[in-house]
Structures are given as C-alpha cells and as structure tokens.
Amino acid sequence: AVVSTQSTGFGLEQTSNHVLQVDECSGTKKRSGKLGVWVIEPVKDGPGRDVLILYCHGASSNRGKPHRIEFYKVFQGLGYTLVTFDYRGFGDSKGCRASDGTVVADCRQVLGWAVQRFPNHQVVVWGHSLGSGISTKFLHSIQTDGIESFNRIRGLVLESAFMSAEEAAKNFPAAKYWNYFKITRDRIPRSMSGIFPTVSLLPQLQIPVMLVHAEDDHTIPHQHSVELHRVCTGAGKTDVHLYSASSGQHRFVHRDTGAREAAHKFIQRVKFVS
C-alpha cells in the first residue's frame, strides 16, 4: 500500500511524500516496516525530462539534510525527476535495524516501485558516500539475480565513493585514534571487512559508471575514486569515467560547475544506451 501526501517544510516545489510498506520477518513473526520516499518532479521542462535519478544518500541523518536538498534542486532545475528515500532505520523509515542486507533490499523495493510509477523514464542511480557502496551492491545484486528492473538502468553516478567500507573506515577519526595503540590497531576497519566491497563489484557492472570526487575531500579521500577507476579500467571496463573536482569537499561536489556539467553530460549520453 502507498499513502501520498504533499511534502512541506523543506523548500522543495513539485514534491510529494510517499510511504511504501515493507513486510519483515523477525524469527517466526511477520511485521510491517515502511520506507519514506520523496518524488521530486521538474519545476520546468528541461533536458532531463525523460530521466529519473534514483538517489541513494550517505550515512548521516535523512533525505532532508540541507546539502541533499541543495543537490535535488540543482538537478530538478535541469528537468530531472528525482526519487529519494530513507533506508529503514533512517529518517521516517521504520523497521528492523539497518544492515548491508536491509539497505540493498530497500533500494530494490524503491526501484521496483519507481519504474512502475514512471514507465517511460530511463533510470540513472546516484550514490553519495555510503550510498556509493549501497548503490553498487544493490545494482550488482539485481544484475546477478536477473531482476527485470535492471533493464531500465542506464548508468550509475558515484559521488565521493569509497573502495570498500573497510578502506573508508581507516580515515575515521576514531580509527586513527585507536591506531596509536598496538592492541587496538586497525580494529575498526577490520570490523567492516567484506561490507560494501565496491572495488570488487564495480568492474562487474554491465552499465556505464561515472565517478565524481572532490580533490579536497578529507572524509573519503579523492584517491579512493582514482583507485576505483584504475581497477575498473584494468579489468577491461571501458565505460567508466572519472571527474576530479577542484573543490566541493565531501558533501558539495554539486557546487563545482565542472562536476555538475560532467555528470549532466554523462546522464544525457547514457540515457540512449540500451
């Protein structure tokens, strides 16, 4: 079941709020969870009018964070339709505690709903930060499982991406602190071993990929995207591109004119790929 109401309080025009029901199993009991979703439609006609961007956000808070609102408005202004949502355990989405499995399941459900709602739109997935690992694993899963909705995906944009959760964790302030002590060295990264292994999954994706990363990103260093690009091309993946923005830090790459234009051109190019 889907309940729709008008979204208010975030400064977004042409935006509706939706609730998707999720059936969960906990032991022998079945319970109902929910996913909060926004559909952000164009405020004017533009080159993105036939493309839907499915946005997978990062680790902090919810889909209504100010830097995300700013991002939505940029691409909404180019005529794109955006679908953005919170994973269970984030924002107003409720249910079991988020894990690498539940976030992938949530992405699969939202994509299935979105392609039915917008049957004439081509889909580009955009993953930021943690969302880069989530979106890569999600797309790899539906490609591997032969899910029909994968045929609607025209490309993937990874913004401020990491090679893996384990590698990203090495840059966490807490991890750096505990590295001073031999007994706890690398404990935090090791605890994330095998979670969101983008560097091994991305070369296998059978869709075009664009990496966008700011050179002044101190949260997930720019070198992560450089290495992802190197590994993909080394594996023979020719449809992967890297744009290095001179500014934008971790959350504001969309403010860099060159990065914004490069992503827009990539989407316009791949929407014709089938």
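Just above, that's the structure.
Residues numbered from 1 in each chain as written. Predicted model: local features only at pLDDT ≥ 70, side-chain atom pairs only at ≥ 80, totals over all residues. Heavy atoms only, no water.

J.: An account of the overall build of the chain is needed here, citing residue identities and associated values.
T.: Of the regular secondary structure elements, the chain holds nine helices and nine strands. Taking the intrachain contacts of the chain between residues at least 6 apart in sequence as the baseline, contacts between residues at least 24 apart amount to 73%. With the model as given, the accessible surface of the chain reaches about 12500 Å², and the carbon-plus-sulfur share is 51%. (Helix = DSSP H or I, 4+ residues; strand = E, 2+ residues; numbered from the N terminus. Contact = heavy atoms within 4.5 Å. Areas by Shrake-Rupley, 256 points an atom, 1.4 Å probe, with all protein chains shown as cover.)

J.: Go over the nonpolar core, please, and point to the residues and values.
T.: The biggest cluster of nonpolar side chains holds 45 residues, and the ones touching the most others in it are L54, V125, F138, L139, L156 and L202. Among the elements that take part in this core, helix α2 (residues 100-117) stands out by supplying eight residues, more than any other. Apart from residues no more than four positions distant in its own chain, L54 is found in contact with V83, F85, V110, L111, V123, V124, V125, W126 and F138. Formed by 26 residues, the second largest nonpolar core is a distinct cluster that contains Y72, Y80, L82 and V212. (Core = buried A, V, L, I, M, F, W, Y, C linked by side-chain atoms within 4.5 Å. Buried < 20%, exposed > 50% of the residue type's maximum accessible area, 1.4 Å probe, protein only.)

J.: Outline the side chain of Q143, supporting the account with residue identities and numerical values.
T.: By the secondary structure assignment, Q143 is in helix α3 (residues 130-144). A polar atom in the side chain of Q143 sits 2.8 Å from the backbone nitrogen of Q206. For Q143, the contacting residues outside a window of four places in its chain are F150, Q204, L205 and Q206. (Polar contact = N/O pair within 3.5 Å; in protein donor to acceptor, adjacent residues only side chain to side chain.)

J.: Can you tell me about helix α8 (residues 223-234), naming the residues and giving the values?
T.: Three or four residues apart is the spacing at which side chains of an α-helix point the same way, because the helix has 3.6 residues per turn. With twelve residues, α8 should cover 16 Å at 1.5 Å per step; its first-to-last C-alpha distance of 16 Å lies within 8% of that length. In this structure, the buried residues of α8 make contact with α4 (165-169), α7 (198-201), β8 (209-214) and β9 (240-245). Trailing α8 by a residue or two, G236 shows a phi angle of about 95°, which is positive. (Expected span 1.5 Å × (residues − 1).)

J.: Requested: an account of the state of the cysteines, with residues and values cited.
T.: Per the counting criterion, the structure on display carries zero disulfides. With no disulfide partner, C56 has as its closest neighbouring cysteine sulfur the one in C107, 3.9 Å distant. (Disulfide = S-S within 2.5 Å.)

J.: Can you tell me about the environment of E41, naming the residues and giving the values?
T.: Looking at the element boundaries, E41 is found in the loop between β3 (29-40) and β4 (51-56). The sequence separation of E41 and Y80 amounts to 39 residues, and the corresponding C-alpha distance is 6.9 Å. Not counting chain neighbours up to four residues away, the residues in contact with E41 comprise E13, Q14, Q76, Y80, T81 and F118.

J.: Hey, could you go over the packing of aromatic side chains for me, with residue numbers and the actual values?
T.: Scanning the entire structure with this criterion turns up eleven aromatic pairs. Measuring from centroid to centroid gives 4.8 Å for F10 and W38, while their planes differ by 65°, and the two rings are edge-to-face. Here F10, found in the loop between β1 (2-6) and β2 (15-26), pairs with W38, found in strand β3; they are 28 residues apart in sequence, far enough to count as distant. Judged by its relative accessible area of 4%, W38 is buried. Each ring, one from F71 and one from W126, has its centre 4.8 Å from the other, and the planes form 65°; the classification is edge-to-face. In this pair, F71 is assigned in helix α1 (residues 66-76) and W126 in strand β6 (residues 122-128), connecting sequence segments 55 residues apart. Both residues of the pair, F71 and W126, belong to the buried class. Grouping aromatic residues by their ring pairs yields a cluster made of F10, W38, Y55, F71, Y72, F75, Y80 and W126. Positioned above the aromatic ring of F252, the side-chain terminus of R255 is 3.9 Å from the ring centre. (Phe/Tyr/Trp six-rings, centres within 6.5 Å; stacked < 30°, edge-to-face > 60°. Lys NZ or Arg CZ within 6 Å of the ring centre and 35° of its normal.)

J.: I'd like a rundown of the pattern of salt bridges, residues and numbers included.
T.: Tallied over the full model, the rule gives ten salt bridges. For R63, the salt bridge identified is with D92, shortest N-O distance 2.7 Å. Pair noted here: R63 is in the loop between β4 and α1 and D92 is in the loop between β5 (81-85) and α2, with a separation of 29 residues, a long-range link. Taking relative accessible area as the criterion, D92 reaches 31% and is therefore assigned partly exposed. A salt bridge links E70 to R255, with the shortest nitrogen-to-oxygen separation between them at 2.6 Å. One end of the pair, E70, is in helix α1; the other, R255, is in the loop between β9 and α9 (257-270), and 185 residues separate them in sequence. Here the salt bridges do not stand alone but share partners, grouping R63, D86 and D92 into one network. (Salt bridge = Lys/Arg side-chain N within 4 Å of Asp/Glu carboxyl O.)

J.: Talk me through the pairing of β9; I want residue IDs and the actual numbers.
T.: Along any regular strand, the residues point their side chains to alternate faces of the sheet. As paired strands, β8 and β9 are joined by six bridges and run parallel to one another. What sits directly across from L211, in β9, is L242. Remark: the β8/α8/β9 crossover connection has right-handed handedness. (Pairing = 2+ DSSP bridges. Right-handed = clockwise from strand over helix to strand, strands pointing away.)

J.: How would you explain α9 if you had to name every residue and give the values?
T.: Its 14 residues give α9 an end-to-end C-alpha distance of 20 Å, which sits within 8% of 20 Å, the value for a rise of 1.5 Å per residue. Every buried residue of α9 is accounted for by A259, A262, A263, H264, F266, I267, Q268 and V270. Those residues of α9 that are buried are in contact with β4, α1, β6, β7 (153-159), β8 and β9. The backbone nitrogen of G258 lies 3.1 Å from a side-chain oxygen of the residue at the head of α9, namely D256.

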